[in-house]
Structure formats: structure tokens, C-alpha cells
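For reference, the chains in residue letters:
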Amino acid sequence: GAGVSQSPSNKVTEKGKDVELRCDPISGHTALYWYRQRLGQGLEFLIYFQGNSAPDKSGLPSDRFSAERTGESVSTLTIQRTQQEDSAVYLCASSYGLAVRTQYFGPGTRLLVL
Amino acid sequence: KNQVEQSPQSLIILEGKNCTLQCNYTVSPFSNLRWYKQDTGRGPVSLTIMTFSENTKSNGRYTATLDADTKQSSLHITASQLSDSASYICVVSGGGADGLTFGKGTHLIIQP
């Protein structure tokens, strides 16, 4: 079956603009995660959705970042008033159930803020 | 503080040689430990996942070990191939805001 997909694959934007990143998880996966990976750095947790529970937003770096998920399907990560330090690869992952299950990662969206 | 430390940061070996990557963690409580391979420009791909009771798990030429007493894990790569060039990330479940604590990865380069 299809894996996790993300769009766009690449995004170049000007400082101050808003961007929306999309993630389509594997069908049936109840958990969805967003991560950020800056060049040469490790993965940085942003937000976690699990079923119908309230999302864990504790990793969002500022109030310019927000994310939504429709049921147990598509998620959108929105960055408002982008800054140059937002330039990174944004990775989405999904899993079935909780921590024991392996996460499946999407290919990522490469965001460059000029 | 929950932490995952990986070593070495980077490693260069010749094609065909073996290598071992290390992961030490201080995550508590512990649920499971995973190794991911991340090719440049791609998302991470799971190699192995081990729970508390598992000491060794293999996936082809990749063998992961876990010592839950000393909180150490290793990833051994046998007969390395050029396609093994990637970053290898150790992830421990049981800590972190999302229940996961990520290591910064080991960048492995296989030279012909």
C-alpha cells in the first residue's frame, strides 16, 4: 500500500509569508507526528496527534506554528510570518497505535525561507 | 533529563568492511528502542525495533543489540555496501514530549 506522502516536496518562500505543508498518513494509522530537521541537525519534535485526543503541541517552537488534523487522515502544518530560521526539512510520520509500533516517515518537505 | 547519545558522530569505512554504531540513553521509563536509516534528502526508514526483553534483532546485514541494564544499544553493519552511506538515528520510546527521544545520528560514509 501507499506510504506517508507529503506535499509540496520543496517550497521556497519569502520572509514574512505564510506556508502550509500537507501530510497524508498511511490509511488506518491513528497517530501522526510532525518533526523539523534543520541542516546537519537531529529530528526535532513539533506536534503529535493521536486519534480523537487533544494534540500534544508541546514541541511547537512559537505561536507562528500550528497544525490541524482532520479525523484520522490528512494533517496540515501552517507556519505564519515565516522567518529564515524556519528553513528546514519538515517530516511527517504516522503509526498505528502508540509507541511500540514503528513510525513510518514521509519524504519530507524542504522549506527555504529567503 | 531524557537523552540519547550516539557515537561516533561520523564514520568513514571502506566498502566490504564491518562497523558498529553506538547508542547510549538515559530515557526512563523505557518502552522500546529503534534504529532508523536516513538517506540524504529522504525520510528515516525503520531498521529494527526492540523492546525491553529483546537483546538482539537482525535485519539482513544489520544487527542491533540492546542491553537494558547498561542502557546501551549498538547497530552492527556487516560487509558494508556503498548504499549503506546514510545517517543512522537511534530513537528511544518512553520519554520526550511525544514519548520519543531522538539521538542526533551517526553519519556513515562507505568509500569504494
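Before any of the text, the structure's been laid out above.
Residues numbered from 1 in each chain as written. Chains lettered and ligands numbered in written order. Predicted model: local features only at pLDDT ≥ 70, side-chain atom pairs only at ≥ 80, totals over all residues. Heavy atoms only, no water.

Participant: Describe in detail the state of the cysteines, supporting the description with residues and values.
Facilitator: In the structure shown here, the tally under the stated rule is 2 disulfides over all chains. Between C23 of chain A and C92 of chain A runs a disulfide, and the two sulfur atoms are separated by 1.8 Å. For the disulfide bridge between C23 of chain A and C92 of chain A, the dihedral angle about the S-S bond is near -60 degrees, and by the sign convention the bridge is left-handed. Of this pair, C23 of chain A sits in strand 3 (residues 19–24) while C92 of chain A is found in strand 8 (residues 88–95), placing the two residues 69 residues apart along the sequence. On the basis of relative accessibility, which here comes to 0%, the residue C92 of chain A falls in the buried class. For C23 of chain B, the disulfide goes to C90 of chain B, at an S-S distance of 2.0 Å. Between C23 of chain B and C90 of chain B, the S-S torsion sits near -65 degrees, and that sign places the bridge as left-handed. (Disulfide = S-S within 2.5 Å. Helix = DSSP H or I, 4+ residues; strand = E, 2+ residues; numbered from the N terminus. Buried < 20%, exposed > 50% of the residue type's maximum accessible area, 1.4 Å probe, protein only.)

Participant: How would you sum up the layout of surface pockets? Please name residues and give values.
Facilitator: It is the rolling of a water-molecule-sized probe over the atoms that shows where space remains empty. In this structure, the largest pocket encloses a volume near 1200 Å³. Taken together, 40 residues make up the lining of the largest pocket; nearest its centre are Q37, Q41, G42 and L43 of chain A together with K104 of chain B. At the level of elements, strand 4 (31–37), strand 5 (43–50) and strand 8 of chain A together with strand 1 (4–7), strand 9 (86–93) and strand 10 (100–102) of chain B are the ones that each hand at least two residues to the lining of the largest pocket. Among the residues forming the lining of the largest pocket, the class breakdown is 10 nonpolar, 20 polar and 10 charged. The wall of the second largest pocket is formed by 15 residues, among which F105 of chain A together with R42, G43, P44 and V45 of chain B lie closest to the centre. (1 Å grid on protein atoms, 1.4 Å probe; cavity = no way out; pocket = protein on both sides within 12 Å on 5 of 7 lines; lining within 4 Å. Points joined across faces, edges and corners; volume = space filled by probe spheres on them. Nonpolar A, V, L, I, M, F, W, Y, C, P; charged D, E, K, R; others polar.)

Participant: For the interface of chain A and chain B, give the residues involved together with the corresponding values.
Facilitator: Listed by partner, the interface residues are 19 residues for chain A and 18 residues for chain B. Contact between chain A and chain B buries roughly 1400 Å² in total, counting both sides, with carbon and sulfur atoms accounting for 56%. The tally of links between chain A and chain B comes to 0 salt bridges. The tally of links from chain A across to chain B stands at 2 residue pairs in polar contact (both at pLDDT 80 or more). Every element with two or more residues in the side of chain A that touches chain B is listed here: strand 4 and strand 5 of chain A. (Contact = heavy atoms within 4.5 Å. Buried area = accessible area lost by both parts, 1.4 Å probe. Salt bridge = Lys/Arg side-chain N within 4 Å of Asp/Glu carboxyl O. Polar contact = N/O pair within 3.5 Å; in protein donor to acceptor, adjacent residues only side chain to side chain.)

Participant: Residues and numbers for unusual backbone geometry, please.
Facilitator: Residues and elements named next belong to chain B. Note that the residue after S7, namely P8, is joined by a cis bond; omega there is -10 degrees. With respect to the element layout, P8 can be found in the loop between strand 1 and strand 2 (10–14). Note the cis peptide between S28 and P29, where omega equals -5 degrees. The residue P29 is located in the loop between strand 3 (19–25) and strand 4 (32–38) in this model.

Participant: Got a sec to walk through the pairing of strand 11 (residues 106–111) of chain B? Specific residues and values, please.
Facilitator: Strand residues, when the strand is regular, have side chains that alternate between the two faces of the sheet. All names here are of chain B. Burial of the side chains of strand 11 is restricted to one face: T106, L108 and I110 are buried, whereas none of H107, I109 and Q111 on the reverse face is. Here strand 2 pairs with strand 11 via 5 bridges, running parallel. Within strand 11, the residue paired with L11 across the bridge is L108. Across 3 bridges, strand 9 lies against strand 11 in antiparallel orientation. Paired with S87 across the two strands is H107, which belongs to strand 11. (Pairing = 2+ DSSP bridges.)

That is the geometry; function is a separate question.
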